[in-house]
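# Observations on the model geometry
In case you want the letters, here they are:
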Amino acid sequence: MTNPPPARRVVVLASGTGSILRAVIEAAREEAFGARVVGVVTDKDDAGALAIAREAGIPTAVVRLEDFESRALWDEAVARTLATFDPELVLLAGFMRLLGAPVLDRFGGRIVNTHPALLPAYPGAHGVRDALAGGAKVTGCSVILVDAGVDTGPIVAQAAVEVLDDDTESTLHARIKEVEQVLVARTIGRMAREGWTVTGRSVRFGAPTPTPEEES
Ligand code: GAR
């Protein structure tokens, strides 16, 4: 019997309560999941994600923007901190800041973000509020690869959630998060086990098909 390949190293960046982080940690308890969370980095001392990570015995780091003289220095500190965990995948799970060139240059192509709307509709910091204000009847969540824009990267996976007439931002976000937790965990697992291929804007699971020259 052959041993399974080693689980892919995932580092999670989070600013919030950490429910998505928790879902990924729980999914990763199964060896067959193919990935494990090896570090959690937050930009806030009081992010709920920190307590969830500590409870699971996962190393944490806090890199607060306020502790740096400039945004550029903070970006570099985030890149350095991520690198200490040697990630194969970086997951933004409710990380409410844009990442700058130092992080994108080092980890670009393997940074995944989850967003509470069906992109390209309603990008930005208020995806749920904006969908409600826009009168959407269906919204949902999107898992994307991160590029230099705001929620503009190629879409890896999506799931839809119906908007109810009496929804508030908080009731709708709570229903989206239930769906999102499952979607993100499943997507990270598939990316870890199967790899992924980007062709233009399209992302498919699975390694790129080798060209005849590469095969020979
Ligand atoms: C999630 O709904 C995620 O999509 C959203 O923050 C929530 C984090 O929940 N992210 C964004 O809005 C990014 N633009 P959590 O802290 O409970 O995991």
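For the structure itself, look to the data block above.
Residues numbered from 1 in each chain as written. Predicted model: local features only at pLDDT ≥ 70, side-chain atom pairs only at ≥ 80, totals over all residues. Heavy atoms only, no water.

Attention shifts here to the side chain of His 115. Assignment of secondary structure puts His 115 in strand β5 (residues 111-115). A polar side-chain atom of His 115 sits 3.3 Å from a polar atom in the side chain of Asp 151. (Helix = DSSP H or I, 4+ residues; strand = E, 2+ residues; numbered from the N terminus. Polar contact = N/O pair within 3.5 Å; in protein donor to acceptor, adjacent residues only side chain to side chain.)

Moving on to the side chain of Thr 187. Position of Thr 187 among the secondary structure elements: in helix α6 (residues 169-194). What makes Thr 187 buried here is its relative accessible area of 3%. Apart from residues lying up to four places away in sequence, Thr 187 is in contact with Val 143, Val 156, Ala 157 and Phe 205. (Buried < 20%, exposed > 50% of the residue type's maximum accessible area, 1.4 Å probe, protein only. Contact = heavy atoms within 4.5 Å.)

Turning next to the site of the ligand. Residues in contact with the ligand amount to 14 residues; listed here are only the nearest, Thr 17, Ser 19, His 173, Lys 177 and Glu 180. Contacts to the ligand include Thr 17, whose side-chain N or O atom sits 2.5 Å from an oxygen atom. A distance of 3.4 Å is found between an oxygen atom of the ligand and a backbone nitrogen or oxygen belonging to Pro 116. Protein chains bury 93% of the 460 Å² of accessible surface belonging to the ligand in isolation. Broken down by element, the residue count for the shell around the ligand peaks at 3 residues, all from α6. For the shell around the ligand, the residue count by class is 3 nonpolar, 9 polar and 2 charged. (Near = heavy atom within 4 Å. Areas by Shrake-Rupley, 256 points an atom, 1.4 Å probe, with all protein chains shown as cover. Nonpolar A, V, L, I, M, F, W, Y, C, P; charged D, E, K, R; others polar.)

What follows concerns the nonpolar core. Among the nonpolar cores identified, the biggest contains 37 residues, and Val 12, Leu 21, Val 37, Leu 91, Val 112 and Ile 188 are the most heavily contacted of them. Broken down by secondary-structure element, the contributors of at least two residues to this core are β1 (8-14), α1 (19-27), β2 (35-42), α2 (48-55), β4 (89-92), β6 (138-145), β7 (155-162) and α6. Ranked by the residues each element gives to this core, the list is headed by α6, at 7 residues. In this structure Leu 91 touches Val 10, Val 11, Val 12, Leu 13, Val 24, Val 112, Val 184 and Ile 188, once residues within four positions along its chain are discounted. In this structure, Leu 13, Ala 77, Phe 85 and Val 90 belong to the second largest nonpolar core, which totals 21 residues. (Core = buried A, V, L, I, M, F, W, Y, C linked by side-chain atoms within 4.5 Å.)

What follows is about the packing of aromatic side chains. Across all of its chains, the model carries 1 aromatic pair by this definition. Taking the ring centre of Trp 74 as reference, the NZ or CZ of Arg 97 above it sits at 6.0 Å. (Phe/Tyr/Trp six-rings, centres within 6.5 Å; stacked < 30°, edge-to-face > 60°. Lys NZ or Arg CZ within 6 Å of the ring centre and 35° of its normal.)

Once that is clear, we can look at the pattern of salt bridges. Counted under the stated rule, the structure contains 8 salt bridges. Across the pair Asp 67 and Arg 64 runs a salt bridge whose closest N-O atoms are separated by 2.9 Å. A salt bridge links Arg 190 to Glu 194, with the shortest nitrogen-to-oxygen separation between them at 2.9 Å. Of this pair, Arg 190 and Glu 194 both sit in helix α6, 4 residues apart, which is roughly one turn of the helix. A residue is classified by how much of its surface remains accessible, and Arg 190, at 31% relative accessible area, is partly exposed. (Salt bridge = Lys/Arg side-chain N within 4 Å of Asp/Glu carboxyl O.)

Inspection of the secondary structure puts Pro 5 in the segment before β1. Put simply, Pro 5 and Leu 132 are 127 residues apart on the chain and 44 Å apart in space, counted from C-alpha to C-alpha.

A few words on the pairing of β1. The two faces of the sheet receive side chains in turn, since in a regular strand these alternate between them. For β1, a buried count of 5 out of 7 residues is recorded, marking the element as mostly surrounded by other parts of the structure. The pairing of β1 with β2 spans 7 bridges and is classified as parallel. Pairing of Arg 9 across the sheet is with Arg 36, part of β2. Read as a crossover between parallel neighbours, the route from β1 over α1 to β2 is right-handed. Note that β1 and β4 share 4 bridges and pair parallel. (Pairing = 2+ DSSP bridges. Right-handed = clockwise from strand over helix to strand, strands pointing away.)

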